[in-house]
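Understanding the architecture of this molecule
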Amino acid sequence: SFLTLTCTSRRRTARRQRELHPLPEKTILALIEDCCPSQPLYSSFSEEEICDNCVVCLLPLNDGELCRTMACRHSFHADCIERWLLHQYQ
């Protein structure tokens, strides 16, 4: 359908733009921090605020670890989600 072709074309254009003008890793990490700041996890957080496991590595999120919780309410170790997002960008 037209919508599928349009979305596919936009993704290809975005991929070409990234290949021609890639953002530095430092800039991407700053955007991630600005969008979703990392913070130490504490057991005092309510269950609605965090998940039990990092959705990337599937290991438990423990007190004091730097984590990021996205708008979708999925929680991640900060390093795990940064690596995953950097990989997805490339």
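How each quantity is defined
- Residues numbered from 1 in each chain as written.
- Predicted model: local features only at pLDDT ≥ 70, side-chain atom pairs only at ≥ 80, totals over all residues.
- Heavy atoms only, no water.
- Helix = DSSP H or I, 4+ residues; strand = E, 2+ residues; numbered from the N terminus.
- Expected span 1.5 Å × (residues − 1).
- Buried < 20%, exposed > 50% of the residue type's maximum accessible area, 1.4 Å probe, protein only.
- Contact = heavy atoms within 4.5 Å.

1. Points about helix α3 (residues 78–89)
The end-to-end C-alpha separation of α3 is 17 Å, in line with the 16 Å expected for 12 residues at 1.5 Å each. Residues of α3 that are buried: Ala78, Cys80, Ile81, Glu82 and Leu86. Summarising the contacts, the buried residues of α3 are in contact with α2 (25–35), β2 (66–69) and β3 (75–77).

2. Some points on the environment of Leu59
By the secondary structure assignment, Leu59 is in the loop between β1 (39–40) and β2. For Leu59, a relative accessible area of 51% gives the class exposed. Separated by 17 residues in sequence, Leu59 and Phe76 place their C-alpha atoms 9.4 Å apart.

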